[in-house]
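Descriptive structure summary
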2 protein chains.
Amino acid sequence: MSQPLIAVDFGGTSLRAALFAGDSPQPERHKKIPTQADKGPAHVIRRMVKVIKSVMPESPKGLKIGVGVPGPLDPFEGVVLEAPNLPGWKDIPLQAKLQSLLDFPVRLGNDANVAALGEWRHGAGEQTDPMLYINIGTGIGGGVILGGEILLGIHGLAAEIGHMTVMPDGPLCGCGQRGHLEALAAGPAIARQANKHLDEGANSSLTSIRESGREVTGVDVGRAANEGDPLALEIIQTAGETVGLAIASLLHIFNPERVVLGGGVSLVGAPLLEPMRISLRQHVMHPGYLQDFNLVRAALGDDAGLVGAMVLAATA
Amino acid sequence: MSQPLIAVDFGGTSLRAALFAGDSPQPERHKKIPTQADKGPAHVIRRMVKVIKSVMPESPKGLKIGVGVPGPLDPFEGVVLEAPNLPGWKDIPLQAKLQSLLDFPVRLGNDANVAALGEWRHGAGEQTDPMLYINIGTGIGGGVILGGEILLGIHGLAAEIGHMTVMPDGPLCGCGQRGHLEALAAGPAIARQANKHLDEGANSSLTSIRESGREVTGVDVGRAANEGDPLALEIIQTAGETVGLAIASLLHIFNPERVVLGGGVSLVGAPLLEPMRISLRQHVMHPGYLQDFNLVRAALGDDAGLVGAMVLAATA
């Protein structure tokens, strides 16, 4: 087999590992186990070694390993700075630990950056340049691919597209700042707006959910929008317009060839994407920015991180 | 002499050309003539050839030429798409024309991008990576240097940092969009706010200018701010805070090592820069973005474009 590469997708719930041969995005082997994050970093690292070993090739000569990590990290030093939903993950030298336990070269990448790389190389990015990836889910993550490489910045903290200020007096963001794109258009922002309108007595099919005793989620709003519920449609439309406005700013900054949209919220589809495209076109300052440009949905789904970690592994 | 390079700074009022030897930013020869833009592109190109010939070295073997152009252009095809203040400049193949008239390789760059390159290589950028250059004058231009190269994007339209939306319902921008950074913090925006407050009867040392029969300019407001005028200080402070907020977004996107601030408005100094620095620190989501980062004033002044065109010439 050609160059063996193992990719690891390190999530708060699951640890996935896959063995790839050369540059094919089809894994030779694949394994998924629970992360058991509550037992702390040392335990999680042992499980990571276990899941990697379970997909190890017969002849691991020249093996390289790539790991997508959920949170800010220093990709140059291979240190996880923090992982918001993982207890005890603060300044953990994951790269050095894995290398000493496995004796193969390891590279770490932020999960959104790694997914961007996966979509660029084997998904909807189709090796365009520059390519921007925006993941809209419980947060808004981003990755920029320039000249075939992840834009990292001096300490690897690029490209937090979700933390652009789009409305200075807007709602609080999870990061503590105000009016960030994430605070206006991620899943929790969509849910918050729906619950607020329902509290104020808005007429909507979503009221039945509130009457059943639970809060409405972003997924509920997306589904209701696709069923034609006017309140849900309005909320999703506003979120789409806000993302479109932010993408226009990004077009002016990067003049990208493609923007790839992933994450759970992007699955809402037309009720989100149509207003987004209209808003984007309305807010672009010159038609030149739309020439040879496409805004597309991500193609790899949940596998973007794994495929991207494989592409990253090749550079280890 | 080592590699001879001729740099041209093509402005609406003046055409400047300088001869450089190798990579030194000190010109061997320098010449400045009026552009005479009102006589149209063919005339201006003849004058450009004339000013280039006036600084030509005795032995022009291996000569390369770089030109900084005031307006959007296609740097790959060497075509000036438009030059807002220059009559007739629309889709002019300047690179091909100069090459056929002079028989040396020519490269064109947008003036803000070229100034960014100059500051990066020989000025306040000090070859940091990534480096962002923001020019605040009658407009707000920008340039991003990544891995020692200008971020161009697919058609060379990057990096219009002045056209990020920072306030969706904000004032109209010269480009026709609303709430762009340029519409809030460039010289004309500062002047407009001052004139509006004076119209409304604000108490300020600037009233004497209005009484003399002319509108207050951005330069007037900057000078009054430095003299302690409360109205001018407030307007300059707000502009600084807005730029600081936008730079915070750019830090999240690029995680740059340095931001270099140039242009006439930046010369206002402390009344602008202090609120900008405070706002930047307040709006950054994580202290990691400020580590090893500096926001500095440009070092090359009016020569940034010429020095940058020299650096660009070397790549022709």
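Keep in mind it's a predicted model, so treat the numbers as computed, not measured.

1. Side note on the sheet that holds strand S4 (residues 64-69) of chain B
Residues and elements named next belong to chain B.
- Overall, mixed pairing links the five strands, which are arranged S3-S2-S1-S4-S8 in an open sheet. Either end of the sheet is taken by a strand with one partner, and the two such strands are strand S3 (29-34) and strand S8 (106-110). Across this sheet, the average inter-strand angle for adjacent strands is 15°, counted without regard to direction.
- Where S4 meets S8, five bridges bridge the pair, whose relative direction is parallel. Directly across from Val 67, in S8, lies its bridge partner Leu 108.
- Across the sheet, helix H3 (residues 111-122) is in contact with S4 and S8; its angle to S8 comes to roughly 100°.
- Contacts between helix H10 (residues 304-313) and the sheet are confined to strand S1 (4-10), strand S2 (14-21), S4 and S8, with S1 contributing the most and set at about 135° to the helix.

2. Remarks on the interface of chain B and chain A
- Across the boundary between the two partners, chain B contributes 37 residues, which contact 37 residues of chain A.
- Here the side of chain B that touches chain A gets six residues from one element, more than from any other, and that element is helix H8 (residues 230-254) of chain B.
- For the side of chain B that touches chain A, the residue count by class is 21 nonpolar, 13 polar and three charged.

3. What to know about the relation of the copies chain B and chain A
- At an RMSD of 0.0 Å, chain B and chain A line up after a rotation of 180° and a shift of 0.0 Å along the axis. These values place the two chain copies in the arrangement generated by a two-fold rotation axis.
- Both copies contact each other with a shared surface, as 100% of the interface residues of chain B are interface residues in chain A too.

4. Observations concerning the packing of helix H7 (residues 218-226) of chain A against helix H8 (residues 230-254) of chain A
Residues and elements named next belong to chain A.
- Closest axis-to-axis distance for the H7/H8 pair is 8 Å, and the angle between their directions is 110°. The angle between H7 and H8 places the two elements in the roughly perpendicular class. Of the two possible hands of crossing, H7 and H8 adopt the one that is left-handed. Together, Val 221, Gly 222, Ala 224 and Ala 225 of H7 and Ala 232, Leu 233, Ile 235 and Ile 236 of H8 make up the contact between the two elements.
- Here the contact of H7 with H8 is composed, by residue class, of seven nonpolar, one polar and no charged.

5. Things to note about helix H9 (residues 270-283) of chain A
Residues and elements named next belong to chain A.
- Helix length check: H9 (14 residues) gives 19 Å between terminal C-alpha atoms against 20 Å at 1.5 Å per residue, within 8%.
- Here H9 has its buried residues at Pro 271, Leu 272, Pro 275, Met 276, Ser 279, Leu 280 and His 283. An end-on view of H9 places all buried positions within 150° of arc, on one side of the element.
- Buried residues in H9 make contact with H7, H8 and strand S13 (294-297).

6. Some details on the domain arrangement of chain A
Residue and element names in this part refer to chain A.
- As assigned here, chain A comprises domain 1 (4-117 + 303-313) and domain 2 (126-298).
- One C-alpha centre belongs to domain 1, the other to domain 2; they are set 28 Å apart.
- At the interface, 13 residues of domain 1 touch 14 residues of domain 2.
- Listed by contribution, the elements that provide at least two residues to the side of domain 1 that touches domain 2 are strand S5 (73-74) and helix H3 (111-122).
- It is H3 that contributes the most residues to the side of domain 1 that touches domain 2, six residues altogether.
- A breakdown of the residues in the side of domain 1 that touches domain 2 according to their chemical character gives nine nonpolar, two polar and two charged.

Scoring rules and cut-offs
- Positions within a chain are numbered from 1, following the residues in the order the chain's sequence is written.
- Each chain gets a letter, beginning with A, and each ligand a number, beginning with 1, in the order they are written.
- In keeping with the predicted nature of the model, local features appear solely for residues at pLDDT of at least 70, side-chain atom pairs appear and are counted solely at 80 or more, and the whole-chain, interface and lining totals rest on all residues.
- Following DSSP output, two strands are said to pair if at least two bridges run between them.
- Helix numbering and strand numbering both begin at the N terminus, where a helix is a DSSP run of H or I of at least 4 residues and a strand a DSSP run of E of at least 2.
- Helix axes are fitted only over the stretch in contact, all axes being lines through C-alpha atoms; the angle between N-to-C directions runs from 0 to 180 degrees.
- By definition, residues are in contact whenever their C-beta atoms, placed on the basis of the backbone, come within 7 Å of each other.
- When residues are grouped by polarity, Ala, Val, Leu, Ile, Met, Phe, Trp, Tyr, Cys and Pro land in nonpolar, Asp, Glu, Lys and Arg in charged, and all others, Gly among them, in polar.
- We superpose the copies by least squares over the C-alpha atoms of residues that have a pLDDT of at least 70 in both of them.
- Working rule for angles: under 35 degrees goes down as roughly parallel, over 145 as roughly antiparallel, 65 to 115 as roughly perpendicular, anything else as oblique.
- Note on convention: near helix rotated counterclockwise from far helix by under a right angle means a left-handed crossing. Clockwise means right-handed.
- The span expected for a helix works out to 1.5 Å for each residue beyond the first.
- Burial in this document is a count-based property: other C-beta atoms within 10 Å of a residue's C-beta are tallied, and the residue is buried at 20 or more, exposed at 12 or fewer, or partly exposed in between, with C-beta positions derived from the backbone.
- What the arc covers is the set of directions going from the helix axis to the C-beta atoms.
- An automatic or database domain assignment supplies the residue ranges for each domain.

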